[in-house]
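Fold and contact review
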Amino acid sequence: MGIKYIKNELFIEQISAVKLAELCDTPTYVYSKKLILNNFNSYKKAFNNDIVCYAVKANSNQTLLEILSNLGAGADIVSGGELFKVLRAGINPQKIVYSGVGKTAEEIKYALESNILMFNVESYEELCAINKIAKQMNKKARIAFRVNPNVDPDTHKYIATGKHGTKFGIKYEDAIDMYISASKMANIEIIGIDTHIGSQILKIEPYKLAALKISKLIDKLESLNIHLKYIDIGGGLGIKYEKNQKPPKPIELKKAVMSVFGKYKDKTLIVEPGRSIIGNTGVMLGKVIYRKKSGNKNFLIVDIGMNDLIRPTLYDAYHNILPVKKTSKKPITLDIVGPICESGDFIAKDRKFPLLEQGDLIAVECIGAYGSAMSSQYNSRKRSRGIIVDGKKVIHIRRRDEFEDLLRLEENLEKYL
Ligand SMILES: *Cc1c(COP(=O)(O)O)cnc(C)c1O
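Residues numbered from 1 in each chain as written. Predicted model: local features only at pLDDT ≥ 70, side-chain atom pairs only at ≥ 80, totals over all residues. Heavy atoms only, no water.

1. Description of the sheet that holds strand β1 (residues 3–6)
Where we set the bar: Pairing between strands is defined by DSSP: at least two bridges between them are needed. Note on conventions: DSSP H or I runs of at least 4 residues are helices, E runs of at least 2 residues are strands, and numbering of each starts at the N terminus.
Spatially, the three strands line up as an open sheet ordered β1-β2-β3, and their pairing is antiparallel. Because the sheet does not close on itself, it has two edges, and the strands there are β1 and β3 (15–16). Note that β1 and strand β2 (residues 9–12) share four bridges and pair antiparallel. Its bridge partner lying in β2, I3 is registered against I12.

So this is what it looks like as structure tokens:
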């Protein structure tokens with residue numbers, strides 16, 4: 001289902017990747033609608049009385065946001081731009097939570113005007129800023145504190161957020177004092193508690209450890225007469241990038257946290273999945289441009305650059321790569337690299353892969369999350385097209401840049417500001 005070989009050719013739902021490459025050229029991000037629906041619905045089913053806030057930063061494509069909005073998704077946002085996009089997609093403001101360590105005054109004002117559910121506050125100074133701006137607007141800001149529970153999610157250091165020494169959240173030991181301060185602020189309404197321990201998490205234990213620590217805080221707060229309505233457990237469930245990985249399912253996450261939070265009958269859970277909604281739903285189609293040998297190394301030079309997919313170089317991430325047409329060629333050890341002038345521009349290093357020919361198509365798997373969202377025009381490359389395949393239909397969700405797009409922000413300017 002979704003993305004698989006039929007006979008010897010890769011299909012996305014009912015359309016062959018060869019045909020898609022003819023229609024769309026390469027490189028192109030290709031997503032399966034069915035897989036998007038499946039992933040979201042497995043959260044919706046597991047978290048049936050809760051709020052599923054899609055973490056927009058994983059992939060903020062507007063059509064995708066509309067699809068998720070229609071399925072009843074909320075949103076976890078981290079910028080004013082994301083707020084703009086999710087409101088435009090029709091997401092209910094009462095299902096929007098706002099995370100991030102650096103919300104500006106302008107962004108806070110916009111979120112208050114939009115009447116979002118809550119701010120996940122990450123510092124004392126942010127709390128004061130929100131209180132002040134809410135006062136100017138004659139409003140009460142609903143907040144939760146994002147608490148750093150100091151647990152190790154066992155993931156890449158750039159995506160571990162719940163350990164001491166990261167910039168995220170407030171220190172566990174400071175949480176109670178922070179709630180007490182907030183409870184005295186006239187334009188703050190405390191409604192929740194939040195934690196997010198990291199990303200690409202493949203074990204359920206860290207969630208349970210975090211839940212236990214958060215639960216201690218909730219009990220202490222109740223004893224201080226500070227009552228919460230929402231427990232936001234963050235996102236971070238991993239996906240299967242490599243064969244040996246077995247990520248937990250949403251239902252397992254729900255069971256693990258409910259083993260701790262089940263006793264709070266008056267509280268609603270919020271979950272903020274990004275990668276596990278969109279990550280495995282898409283492949284990037286690309287093409288071999290050249291082959292070469294340097295020293296003892298074989299290279300396949302393809303048209304997918306780090307501007308299209310930065311994860312391998314940014315996170316040492318592994319992406320499985322498939323030949324679009326199965327080949328009888330034996331796999332050899334080679335590097336699959338892009339055209340960009342950086343040694344960090346690679347998709348795979350020392351990978352066993354057949355030495356395909358010029359023009360042959362490849363599909364890089366699991367590019368749905370942090371793929372397109374992190375793309376750029378580096379090297380003045382045109383950002384790539386995006387499509388969703390729905391059965392036999394192709395939905396165009398993002399056009400490829402044209403050369404003119406490379407100039408758009410840099411011409412017809414006033415000479416001096
Ligand atoms: C990035 C992020 C998420 C989503 O993480 P995934 O690993 O994509 O599920 C959720 N909440 C917050 C606060 C985040 O920063």
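2. Details of the pairing of strand β21 (residues 393–398)
Relative to β21, strand β20 (residues 385–390) runs antiparallel, the two sharing five bridges. Residue V389 lies in a different strand from β21, and its bridge partner there is V394. In this structure, the hairpin formed by β20 and β21 is closed by a connection of two residues, where G391 is found at a positive phi of approximately 65°.

3. Thoughts on the packing of aromatic side chains
Applicable threshold: Aromatic contacts are taken between Phe, Tyr and Trp rings whose centres are within 6.5 Å, Trp giving its six-membered ring; a plane angle under 30 degrees counts as stacked, one over 60 as edge-to-face, and the others as tilted. For every residue, the accessible area (1.4 Å probe, protein chains only) is compared with the maximum for its type, and the residue is labelled buried under 20%, exposed over 50%, or partly exposed between those bounds. When the NZ atom of lysine or the CZ atom of arginine is within 6 Å of a ring's centre and also within 35 degrees of its normal, the charge is said to sit over that ring.
What the rule picks out here adds up to four aromatic pairs. Taking 6.0 Å as the distance between ring centres and 25° as the angle between the ring planes, the aromatic pair formed by Y43 and F47 counts as stacked. When its relative accessible area of 2% is taken as the criterion, F47 is described as buried. On the numbers, 6.0 Å between centres and 25° between planes, the contact of Y98 with F119 is stacked. Here Y98 is found in strand β7 (residues 96–98), whereas its partner F119 is found in strand β8 (residues 118–121), with 21 residues between them in sequence. Like Y98, the residue F119 is buried in the burial classification. The positively charged end of K103 is found above the aromatic ring belonging to Y98, 5.5 Å away from the centroid. Stacked on the ring of F403, the Lys or Arg K382 has its end atom at 4.8 Å from the ring centre.

4. A word on the pattern of salt bridges
Quick note on the threshold: When a carboxyl oxygen of Asp or Glu lies within 4 Å of a side-chain nitrogen of Lys or Arg, that pair is called a salt bridge.
What the rule picks out here adds up to 17 salt bridges. Of the charged contacts in the structure, one is a salt bridge between K329 and E357, with a shortest N-O distance of 2.8 Å. One end of the pair, K329, is in the loop between β16 (321–323) and β17 (331–337); the other, E357, is in the loop between β18 (346–354) and β19 (361–365), and 28 residues separate them in sequence. Among the charged side chains, a salt-bridge network with shared partners connects K33, D390 and K393.

5. Overview of the site of the ligand
Note the following rule: Here a residue is near a molecule or strand as soon as one of its heavy atoms is found within 4 Å of it. Two N or O atoms count as a polar contact when they lie within 3.5 Å, although within protein this holds only if one can serve as hydrogen donor and the other as acceptor, and sequence-adjacent residues are included solely when both atoms are side-chain atoms. Values of accessible area rely on a 1.4 Å probe in the Shrake-Rupley scheme; residue burial ignores everything except the protein chains shown.
Looking at the ligand, there are 14 residues lining it, with K57, S199, E272, R275 and Y370 nearest. The separation between an oxygen atom of the ligand and a polar side-chain atom of K57 is 2.8 Å. Taking D76, its side chain carries an N or O atom lying 3.1 Å from a nitrogen atom of the ligand. For the ligand, whose accessible area on its own is 390 Å², the fraction buried by protein is 95%.

6. Regarding the domain arrangement of the chain
Going by this rule: Domain limits in this description derive from either an automatic procedure or a database domain assignment. For this analysis, residues touch if any pair of their heavy atoms sits within 4.5 Å. Summed over both partners, the accessible area lost on bringing two parts together, with a 1.4 Å probe, is the buried area. Nonpolar residues are Ala, Val, Leu, Ile, Met, Phe, Trp, Tyr, Cys and Pro. Charged residues are Asp, Glu, Lys and Arg, and all others, Gly as well, are polar.
One can read the domain layout of the chain as domain 1 (3–30 + 279–406) and domain 2 (100–271). Of note, the centres of domain 1 and domain 2, computed from C-alpha atoms alone, are 36 Å apart. Contact with domain 1, which involves 10 residues of that partner, is made by seven residues of domain 2. When the two sides are added together, the surface that domain 1 and domain 2 hide from each other amounts to roughly 790 Å², 63% of it contributed by carbon and sulfur. The tally of links between domain 1 and domain 2 comes to zero residue pairs in polar contact (both at pLDDT 80 or more). Tallied by class, the residues present in the side of domain 1 that touches domain 2 amount to four nonpolar, four polar and two charged.

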